[in-house]
Structure formats: C-alpha cells, structure tokens
Amino acid sequence: AGLQRFTANTGSEGLITAAESGLPVDQIRALFPAPGSGLWAVGNGVIGVQGDTLTPLTTEDGLAGETVYAVTVDSSGRTWFGTESGISVWNGASFFNITAEQGLPSADIRVLLAEGDAVWIGTAGGGLYRFEGGQLQLFNAGNVGLPSDNVAALALTGDGVLLVGTDKGLVILADGAVTPVADLGSA
C-alpha cells in the first residue's frame with residue numbers, strides 16, 4: 001500500500017502512497033540503508049529517503065527496469081539495484097546499467113549482496129554471479145552444482161561463509177565448491 005514512516009520518538013507518521021505523493025512505488029519489496037543516514041525503498045521503481053526528502057528514481061532516470069527486487073551498497077558507496085531487466089548502479093548522480101545487451105547472461109536479478117569490493121548477484125534462472133574488478137564470474141547448476149539456477153537469497157555468516165538459497169535448497173559456497181546444508185527437519 002505504500003511506505004509507512006515510523007520513528008522511535010513520535011511513532012507512526014503516516015502512510016506515503018504513490019497516489020498522494022506522486023512517487024512511483026506503492027508496492028515496496030525491499031528496504032536498505034542508504035549511504036549516510038538515508039534509506040532506499042524499492043518496488044516498482046526506487047525511492048531514496050533522506051529525512052523528509054523523498055527522491056524517486058525510475059526508468060526515466062535511467063533505471064534498467066520497472067520492477068526492482070534487490071538493493072545493496074558496495075564498498076565504494078555505489079548503490080546497486082537488481083531489476084527484471086538487469087542491474088543499475090547509482091553513483092549518486094546517474095545510473096550505469098549492466099544488462100543482457102552488455103553481456104549479462106541472465107538479466108532477471110532477484111538478490112544482491114555486497115562483500116568488500118565484490119557484489120554477489122542472484123538471478124531467476126541464470127544462477128549466481130560474482131562481480132569484482134570489472135569481471136563477472138558465473139556459478140550455476142552446471143559448473144558448481146547449485147541445486148537450482150533460481151537464486152532467491154544470499155547471506156554471509158560471521159566467518160565469511162556464503163549461504164546461497166535457491167528454490168530447491170540451501171547451500172554453502174566456498175572456494176568454488178557447493179556443500180548442501182542438511183535438512184534441519186521439524187522442530
């Protein structure tokens with residue numbers, strides 16, 4: 001329905017909807033801290049929130065696709081947005097897009113995770129990519145044995161292990177090898 005603002009001191013400050021604000025996003029899919037003290041809200045477009053200032057970003061601003069599924073901020077402070085049509089990297093003033101036209105094997109990006117100078121990229125149907133130093137490395141069912149090429153979740157543990165959630169199971173990816181996480185069963 002929109003974006004609900006809540007502060008610890010005053011509580012709820014109301015719902016911000018696309019109809020009332022003119023912002024492009026009613027359905028929020030993800031929230032992520034922005035550099036500084038702001039927030040990114042993504043869905044059908046992007047809203048940058050800095051205090052009371054709301055900044056919309058859409059395909060008219062250069063965003064690669066209308067539907068935004070994921071967001072992360074790399075070690076250089078650039079914000080990466082994963083869309084149904086590729087990746088948009090925001091430097092604070094403009095977008096740089098990585099799409100199928102630029103050689104991205106699968107452009108339906110569902111999850112992003114920054115790790116130092118690298119960004120992990122999970123796709124719907126294309127497996128997992130690692131982007132670092134201008135190079136794209138592919139990890140998929142065929143080359144490392146992911147249980148599926150539909151990557152829906154990524155997480156780093158405290159000791160630097162990458163957990164990869166797919167629609168067919170959870171695995172650990174370390175040193176280019178996949179280890180399935182055992183079924184925990186019912187509690």
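Below, the structure is looked at part by part. (Residues numbered from 1 in each chain as written. Predicted model: local features only at pLDDT ≥ 70, side-chain atom pairs only at ≥ 80, totals over all residues. Heavy atoms only, no water.)

### Re the nonpolar core
It is characteristic of soluble globular proteins that their nonpolar side chains tend to be buried jointly. The condition is simple: What makes a nonpolar core is a set of buried Ala, Val, Leu, Ile, Met, Phe, Trp, Tyr and Cys residues whose side-chain atoms join them at distances within 4.5 Å. The cut-offs for exposure are 20% and 50% of the maximum accessible area for each residue type, with area from a 1.4 Å probe on protein chains only; residues under the lower value are buried, those over the upper are exposed, and the others partly exposed. Strands are runs of DSSP state E lasting at least 2 residues, helices are runs of H or I lasting at least 4, and numbering of each runs from the N terminus. Here, residues are in contact when the closest pair of their heavy atoms is within 4.5 Å.
Trp120, Leu128, Leu146, Leu154, Val164 and Leu173 are the most contacted members of the largest nonpolar core, which totals 14 residues. Elements with a minimum of two residues in this core: strand E11 (109–115), strand E15 (151–156), strand E16 (162–166) and strand E17 (169–174). Sequence-distant contacts of Leu128, that is, excluding residues within four places in its chain, are made with Trp120, Ile121, Gly122, Gln137, Leu138, Phe139, Leu146, Val151, Leu154, Leu162, Val164 and Leu173. Ranked by size, the runner-up nonpolar core spans 13 residues in total, among them Ala30, Ala34, Val46 and Leu63.

### Observations concerning the environment of Leu112
Its location among the elements puts Leu112 in strand E11. Through-space distance from the C-alpha of Leu112 to that of Thr72 is 5.9 Å; in sequence the pair is 40 residues apart. In this structure Leu112 touches Ala70, Val71, Thr72, Trp80, Phe81, Gly82, Val119, Trp120 and Ile121, once residues within four positions along its chain are discounted.

### Digging into the pattern of salt bridges
Our working definition: Any Lys or Arg side-chain nitrogen found within 4 Å of a carboxyl oxygen on Asp or Glu counts as a salt bridge.
Going through the model one piece at a time under the given rule, you end up with four salt bridges. The partner of Asp74 in a salt bridge is Arg78, and the shortest N-O contact between them spans 2.7 Å. Arg110 serves as the salt-bridge partner of Asp108, at 2.9 Å between the closest nitrogen and oxygen. What you see here is one network of salt bridges that share partners, running through Glu115, Arg130 and Glu132.

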